[in-house]
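Residues per chain are reported as follows:
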Amino acid sequence: MILRIDGKQIEAKKWDTILSAAKRNGISIPSLCHHDALENVGACRLCVVEVKTSSNGERKLVTACEYKVAPHIEVFTHSEAVRRSRQTTLDLLLARAPENKLLLDLSRENGVESTSYSTSPDANECILCYLCTRACEKMGCNAISAVGRGQGKSIQPPFLTVPDACVGCGSCAAICPTGFIEMIDMPSKRVIWGKEFERAKCESCGAPLIPVAYREWAIANRELPEDYYLQCQECKRKELASKFSGLGVS
Ligand code: FES
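The notes below deal with the structure included here.

As for the packing of aromatic side chains
So, point 1. For the structure on display, the rule yields two aromatic pairs.
So, point 2. Look at Tyr-228 and Tyr-229: their rings are 5.1 Å apart centre to centre, the planes differ by 85°, and that puts the pair in the edge-to-face class.
So, point 3. For Tyr-229, a relative accessible area of 11% corresponds to the buried category.
So, point 4. Above the plane of the ring of Tyr-228 lies Lys-236, whose end atom (NZ or CZ) is 3.6 Å from the centre.

Structure, rendered in structure tokens:
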């Protein structure tokens, strides 16, 4: 299917969103709450673009991560309406995380130097993009959710206690765009959400691996052989190489 983005004709698949079609064609649209492996929820509003439909020629603002492409639509990623929407969004996001480098960089790129809103002393780095809760849900753990209201709303374990359901996989921290979720990895343990996890060790070299609780969870819930989790990547690679060399393959 053919559509136009910023005057450029591009080819899109019928299951594409504007964001996925744009990305594949090298057109950049800023986004904070989108991840290819997760459902889109349109939380950050940063990917807003303007769309002109062929049916009535009307132009409207839509979130590029959620809007499915249609034949002959025209998309504008840098119109005046888009610029104003992006600036308002960044102004609001900055009020939640006024010192966050990623947000500051994005804001400056879009002509916003600082937030025009008052920031509370509790302003934290959580911008409520829900990537972490969606990743945790996708894992099947549901250990964290949004708690609190207004400026104080953020992602936490239920009742702000150590979350029983967390297995220490670290997906939430890895996917968080602002670094709000703190995960500390030490050789013997991982600490996240106030919970400590003993780390497994590579059975060949003793290097620290994923937490034992995560390994047990993964063995029970993923279709990988149990011994997949017993060695570090380096030892697996060496073992494989020596098997191949034994076969005369180099
Ligand atoms: S990336 Fe589309 S709303 Fe956040």
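Quick notes on the pairing of strand β3 (residues 48-52)
So, point 1. Taken across its five residues, β3 has four buried, putting it largely inside the fold.
So, point 2. Here five bridges tie β3 to strand β4 (residues 59-63), and the two strands are oriented antiparallel to one another. Note that in β4 the partner of Val-48 across the bridge is Thr-63.

Considerations on the pairing of strand β9 (residues 189-192)
So, point 1. Sheet topology places strand β8 (residues 183-185) next to β9; three bridges connect them, and they run antiparallel. Counterpart to Ile-184 in the pairing with β9 is Val-191.
So, point 2. What sits between the antiparallel neighbours β8 and β9 is a turn of three residues.
So, point 3. Pairing of β9 with strand β10 (residues 195-201), which is carried by four bridges, proceeds in the antiparallel orientation. What sits directly across from Ile-192, in β10, is Lys-195.
So, point 4. Taking the residues that link successive antiparallel strands as the turn, the β9-β10 hairpin has two residues, and the phi of Trp-193 there is positive, at about 50°.

So, the sheet that holds β10
So, point 1. Read from one edge to the other, the open sheet built from four strands follows the order β8-β9-β10-β11, with strand pairing classed as antiparallel. Whereas interior strands pair on both sides, the edge strands pair on one side only; in this sheet they are β8 and β11 (208-211). Averaged over all adjacent pairs, the angle separating strand axes in this sheet is 30°, with direction ignored.
So, point 2. Against the sheet, helix α6 (residues 212-221) contacts β10 and β11, and its axis sits at roughly 65° relative to β11.

Observations regarding the nonpolar core
So, point 1. Ile-144, Ile-155, Cys-172, Ile-181, Ile-192, Trp-193 and Trp-217 are the most contacted members of the largest nonpolar core, which has 22 residues in total.
So, point 2. Broken down by secondary-structure element, the contributors of at least two residues to this core are α4 (131-139), α5 (171-175) and α6.
So, point 3. For Cys-172, the contacting residues outside a window of four places in its chain are Cys-132, Ile-144, Ile-181, Ile-192 and Trp-193.
So, point 4. Ile-10, Ala-12, Val-49 and Val-69 belong to the second largest nonpolar core, which has 20 residues in total.

Description of empty space enclosed by the protein
So, point 1. Enumeration according to the criterion identifies two cavities of 30 Å³ or more in this entry.
So, point 2. Of the volumes computed, that of the largest cavity is approximately 90 Å³.
So, point 3. In terms of lining residues, the largest cavity is bounded by 13 residues, among which Cys-136, Ala-143, Cys-166, Cys-169 and Cys-172 are the most central.
So, point 4. Residues that form the lining of the largest cavity fall into these classes: ten nonpolar, three polar and no charged.

Conventions and cut-offs
- Residues numbered from 1 in each chain as written.
- Predicted model: local features only at pLDDT ≥ 70, side-chain atom pairs only at ≥ 80, totals over all residues.
- Heavy atoms only, no water.
- Phe/Tyr/Trp six-rings, centres within 6.5 Å; stacked < 30°, edge-to-face > 60°.
- Buried < 20%, exposed > 50% of the residue type's maximum accessible area, 1.4 Å probe, protein only.
- Lys NZ or Arg CZ within 6 Å of the ring centre and 35° of its normal.
- Helix = DSSP H or I, 4+ residues; strand = E, 2+ residues; numbered from the N terminus.
- Pairing = 2+ DSSP bridges.
- Axes fitted to C-alpha atoms, helices over the stretch in contact; angles between N-to-C directions.
- Contact = heavy atoms within 4.5 Å.
- Core = buried A, V, L, I, M, F, W, Y, C linked by side-chain atoms within 4.5 Å.
- 1 Å grid on protein atoms, 1.4 Å probe; cavity = no way out; pocket = protein on both sides within 12 Å on 5 of 7 lines; lining within 4 Å.
- Points joined across faces, edges and corners; volume = space filled by probe spheres on them.
- Nonpolar A, V, L, I, M, F, W, Y, C, P; charged D, E, K, R; others polar.

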